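# Overview (structure and organization)
Now for the letters of each chain:
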Amino acid sequence: MQRGESKIIHFFMNRKTYDAKIVNVNNSVEKRKKDAYQIRYTRNGDLSQALQQYFFKTMNYIRAIRESRDLKDRSYIKMPEGLKEYLAIYTTEYEDTFLLEPIAQDDFQVMKKAIQGMKERSVENEIEYEIEDKNSGIEKRLQIVKIRKLNRKIGENLKLLYGYRYQICGRVIGEKYGSRIAEAHHIDYFVNSLNNDANNQMIVCPNHHSVIHDANPVFDWKSMIYKFNNGCEEKIRINKHLMRKNG
Ligand SMILES: [Zn+2]
Ligand SMILES: [Zn+2]
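Residues numbered from 1 in each chain as written. Chains lettered and ligands numbered in written order. Predicted model: local features only at pLDDT ≥ 70, side-chain atom pairs only at ≥ 80, totals over all residues. Heavy atoms only, no water.

Our next topic: the side chain of Asp197. You can see Asp197 is positioned in the loop between α6 (190–193) and β7 (201–204). By relative accessible area, Asp197 is classed as buried at 17%. In contact with Asp197, not counting residues within four places along its chain, are Glu81, Lys84, Tyr86 and Ile154. (Helix = DSSP H or I, 4+ residues; strand = E, 2+ residues; numbered from the N terminus. Buried < 20%, exposed > 50% of the residue type's maximum accessible area, 1.4 Å probe, protein only. Contact = heavy atoms within 4.5 Å.)

A few words on the domain arrangement of the protein. By the assigned domains, the protein splits into domain 1 (1–103) and domain 2 (125–247). Between domain 1 and domain 2, the C-alpha centre-to-centre distance is 27 Å. The interface of domain 1 with domain 2 comprises nine residues on the first partner and eight residues on the second. Between domain 1 and domain 2, a total of about 770 Å² is buried, with carbon and sulfur atoms accounting for 57% of that surface. Looking at the side of domain 1 facing domain 2, the largest losses of area belong to Tyr86, Tyr90 and Ile103, adding up to 58% of the total buried there. In this structure, the connection of domain 1 to domain 2 is made through two salt bridges. As a salt-bridge pair, Glu101 and Lys149 come within 3.4 Å of each other at their nearest N and O atoms. Connecting domain 1 to domain 2 are five residue pairs in polar contact (both at pLDDT 80 or more). Those elements that place two or more of their residues in the side of domain 1 that touches domain 2 are β4 (86–91) and β5 (97–103). Classifying every residue of the side of domain 1 that touches domain 2 by side-chain character gives six nonpolar, no polar and three charged. (Domains from an automatic or database assignment. Buried area = accessible area lost by both parts, 1.4 Å probe. Salt bridge = Lys/Arg side-chain N within 4 Å of Asp/Glu carboxyl O. Polar contact = N/O pair within 3.5 Å; in protein donor to acceptor, adjacent residues only side chain to side chain. Nonpolar A, V, L, I, M, F, W, Y, C, P; charged D, E, K, R; others polar.)

On to the layout of surface pockets. Of the pockets and cavities examined, the largest pocket occupies roughly 1400 Å³. Looking at which element gives the most residues to the lining of the largest pocket, the answer is helix α2 (residues 56–68), with six residues. The residue inventory of the lining of the largest pocket, partitioned by class, reads 17 nonpolar, seven polar and 14 charged. Here the lining of the largest pocket spans two domains, since at least three of its residues come from each of domain 1 (1–103) and domain 2 (125–247). Empty space within the second largest pocket amounts to approximately 490 Å³. Lining the second largest pocket are 21 residues, and of these Asn14, Tyr54, Pro102, Glu139 and Lys146 lie nearest its centre. Among the secondary structure elements, those contributing two or more residues to the lining of the second largest pocket are β1 (6–13), α1 (46–54), α2, β5, α3 (105–115) and α5 (138–161). Taken together, the residues of the lining of the second largest pocket sort by class into nine nonpolar, four polar and eight charged. Taken domain by domain, the lining of the second largest pocket gets at least three of its residues from each of domain 1 (1–103) and domain 2 (125–247). (1 Å grid on protein atoms, 1.4 Å probe; cavity = no way out; pocket = protein on both sides within 12 Å on 5 of 7 lines; lining within 4 Å. Points joined across faces, edges and corners; volume = space filled by probe spheres on them.)

What follows is about the coordination of the zinc ion (ligand 1). Around the zinc ion (ligand 1), the donor atoms from the protein are Cys169 (SG), Cys205 (SG) and His208 (ND1), and they sit 2.0 to 2.3 Å away. In terms of primary sequence, the donors binding the zinc ion (ligand 1) are separated according to C-x35-C-x2-H. Here the residue Cys169 occupies a position in the loop between α5 and β6 (183–186), and His208 occupies one in helix α7 (residues 206–215), the gap between them amounting to 39 residues. Residue class for Cys169 comes out buried when judged on its relative accessible area of 16%. (Donors = N, O, S within 2.8 Å, 3.2 Å for Na, K, Ca; no water.)

Of the protein atoms, only Glu124 (OE), Glu124 (OE), His185 (ND1), His209 (NE2) and His213 (NE2) coordinate the zinc ion (ligand 2), at distances of 2.0 to 2.5 Å. Donor residues for the zinc ion (ligand 2), ordered by position in the chain, follow E-x60-H-x23-H-x3-H. Linking Glu124 in helix α4 (residues 120–129) with His213 in helix α7, this pair joins segments that are 89 residues apart in sequence. With respect to class, Glu124 is no different from His213; both count as buried.

Looking now at the sheet that holds strand β2 (residues 16–24). Pairing in this open sheet of five strands is mixed, and the strands run β3-β2-β1-β5-β4 from one edge to the other. What marks the edges here is a single partner per strand, and that holds for β3 (37–40) and β4. Sheet twist, expressed as the average angle between the axes of neighbouring strands with direction ignored, equals 35°. Against the sheet, α5 engages β4 and β5, with an angle of about 115° to β5. (Pairing = 2+ DSSP bridges. Axes fitted to C-alpha atoms, helices over the stretch in contact; angles between N-to-C directions.)

One open sheet holds the three strands; their spatial order is β8-β9-β10, and the pairing between them is antiparallel. Each end of this open sheet is capped by a strand with a single partner; those strands are β8 (218–220) and β10 (233–235). Direction aside, the axes of adjacent strands within the sheet are offset by 25° on average. Looking at chain direction, strand β9 (residues 225–227) and β10 are connected through three bridges and run antiparallel. Directly across from Tyr226, in β10, lies its bridge partner Glu234.

Next comes the structure, spelled out in structure tokens:
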């Protein structure tokens, strides 16, 4: 798509299709400015209504904040960690058709119950290798699969971003053997945080991953250093996506 151009695209969500417009909002003549795309749809159209139904908790939260604050205050409203909801967009085999998957608070509640009492490493393995629990009901299973799929997609994208190079040791093991081996680790354990944002995932080699889960070091978000109980420290060598947090 050329700069300033727009076209109609189709979304497929829960067995229904919706039309929307995608616009390349980069109007700059400068070559180095990155293209940015915006998805537009009518305020009270079908898509808008369907999304409002899925994300009613987010809508209510935003509405309450807007009502309680000064009318002139138009600053960005950030959702608290425990209230986050997601909309995953996946490409399909058709060029202008995308799959939309809303992941609402209820989905997280189901996920939380499903992984209760599980070890973090097993949960991460399940996300990575798609092991299915055949014992749970279909509806529940679909909700779990949704979150896993999103989680895995974020991890896969990070692996591509790093070219399968590990953030702690800076190495790539598989390359020599024509193999791609890398694992996505959740810095705040997913079993506790249910946080699958890219900013909570790190690409590591299987060895460092095992060591982290065995020794449980503390991650210092300010300095980007893993601090082990025995005094050993591992600084993140390569970082292209993690954002420092203060305090
Ligand atoms: Zn490593
Ligand atoms: Zn891990």
